[in-house]
Structure formats: C-alpha cells, structure tokens
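Listed below are the residues making up each chain.
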Amino acid sequence: MTALAATPGIDVMKQVNRQFVTGVTVVTAMDGETPRGLAVNAFSSISLDPATVMVCVQRTSSTHDCLFRAGHLAINILSTGQLDVVGVFAGKSADKFRQVDWESGPFGSPLLTGSSARVEAEIRERLQASTHTIFICRVVHADVAEWPPMVYGAGKFFDGGALAPLG
C-alpha cells in the first residue's frame, strides 16, 4: 500500500481555481426589510427540468446567515457594464444596495438592474461542505437581457460576449 501524497496547499488551489473561467454573479436575499448580497463565482445549473441551480457561500461571509434563513434568493449574472457592481458586492460595505440600482423580484428577492440574466429561486436544501454551505434551489422566476455577461479567469474580468469560438 502506498502512502497518499500531501494535499495541495491553499496557494496552489488558488492558482488552480484561477485557471477555470467562470461567470460572475451576485447572490442576494432579503434580511427582513434589508437587502443583502455578495459576489459569488460558485454557481451552477443542476437541472433544466425542473429548473434547479446551486450556489456555494462561505459560512464566514456576512451574508451567509441571511441566506441560510431565507426562503428565496436571487442570482444576478453580471453584465460587462457592471464592473463597479463586482467591487461593491465583493467588499464589506454595510449598505451595498445604496450604491446600485435594483428592484424586488416576484418573490421579494433583490434583482440587480443591468444584469445579463437574473434568477429568483426557492431554497430547497442547505448542505454543509467544509467551510461552505451549498444552497440547492428551484428556479421560480428568470429573465434574460441583451447585455453580454462578464467572465472571470486568471485573476481578471473579461467581456463574455467577445469570446472567440474554437475550430
């Protein structure tokens, strides 16, 4: 029997993750009468029928407990025109929503104006995975705009509409 190699360190894993190109989202929910949100790149579709998505949120995030208590959340897929919005929701400001335009979705979740796409979803499961909670959600509302999405890779933001096809 061979011994297992040491697990990679956090710096190596950060480098690995930077090689994966991902969309840029802001996950939002209402905390009573107060909107809350944070930038999240761990978002994925699980199923189209029924429409089911997931997001992963670090448990130490100031928005985590609000999301954990919420019945619904919104996933705002940011457009190329929302680079300033990324900075707002990646930061620690107490009132992030004073700096952006938003509206309430049909189920009360904050939807950011100018996003490429917006999904409002009912939280169905909350799974604990190490330092994060995985929120499994059933989509109850969605809309799509004409603006190209922002993408993130190698530590930089890019225009998702300017990608060139291979082959």
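Everything in this summary refers to the structure shown in the same document. (Residues numbered from 1 in each chain as written. Predicted model: local features only at pLDDT ≥ 70, side-chain atom pairs only at ≥ 80, totals over all residues. Heavy atoms only, no water.)

1. Describing the sheet that holds strand S3 (residues 34-40)
- What the 7 strands build is an open sheet, ordered S3-S2-S6-S9-S10-S5-S4; its pairing is antiparallel. Two strands lie at the open edges of the sheet, namely S3 and strand S4 (43-48), each paired on one side alone. Neighbour-to-neighbour, the strand axes of the sheet open up by a mean angle of 30°, direction not taken into account.
- Together, strand S2 (25-31) and S3 form the strand contacts of helix H3 (residues 83-90), whose direction differs from that of S3 by roughly 105°. (Pairing = 2+ DSSP bridges. Helix = DSSP H or I, 4+ residues; strand = E, 2+ residues; numbered from the N terminus. Axes fitted to C-alpha atoms, helices over the stretch in contact; angles between N-to-C directions. Contact = heavy atoms within 4.5 Å.)

2. Remarks on the packing of aromatic side chains
- Counting across every chain of the model gives 4 aromatic pairs.
- Through a chain of ring-to-ring contacts, the aromatic side chains of Phe89, Phe97 and Trp102 assemble into a single cluster. (Phe/Tyr/Trp six-rings, centres within 6.5 Å; stacked < 30°, edge-to-face > 60°.)

3. Some words on the nonpolar core
- Membership of the largest hydrophobic core comes to 17 residues, with the highest contact counts inside it found for Val27, Leu67, Leu73, Ile75, Phe135 and Cys137.
- Excluding its chain neighbours within four sequence positions, the residues that come into contact with Phe135 are Val53, Met54, Val55, Val57, His64, Leu67, Phe68, Leu73, Ile123, Glu125 and Arg126.
- Judged by nonpolar contacts, the second largest core, of 11 residues, contains Val85, Val88, Phe89 and Leu112. (Core = buried A, V, L, I, M, F, W, Y, C linked by side-chain atoms within 4.5 Å. Buried < 20%, exposed > 50% of the residue type's maximum accessible area, 1.4 Å probe, protein only.)

4. Observations regarding the pairing of strand S12 (residues 156-159)
- Where strand S11 (residues 150-153) and S12 come together, 4 bridges link them in antiparallel fashion. Each bridged residue has a counterpart across the sheet, and for Gly153 the counterpart in S12 is Lys156.
- Hairpin remark: S11 followed by S12, antiparallel, with 2 residues in the connecting loop; positive phi at Ala154, about 55°.

5. Re the sheet that holds S11
- Read from one edge of the open sheet, 3 strands run S1-S11-S12, paired in antiparallel fashion. Lying at the two open borders of the sheet, with one neighbouring strand each, are strand S1 (22-23) and S12.

6. Some thoughts on the pattern of salt bridges
- In total, this model carries 6 salt bridges according to the counting rule given.
- Linking Asp31 and Arg36 is a salt bridge whose minimum nitrogen-to-oxygen distance equals 3.3 Å.
- With a relative accessible area of 23%, Asp31 lands in the partly exposed category.
- Where Asp31 meets Arg69, a salt bridge forms, and the shortest distance between an N and an O atom there is 2.9 Å. On the criterion of sequence distance, the pair formed by Asp31 in strand S2 and Arg69 in helix H2 (residues 64-69) is long-range, its members being 38 residues apart.
- For Arg69, a relative accessible area of 54% gives the class exposed.
- Through salt bridges with shared partners, a single ionic network connects Asp31, Arg36 and Arg69. (Salt bridge = Lys/Arg side-chain N within 4 Å of Asp/Glu carboxyl O.)

Purely geometric stuff here, so don't read any function into it on its own.
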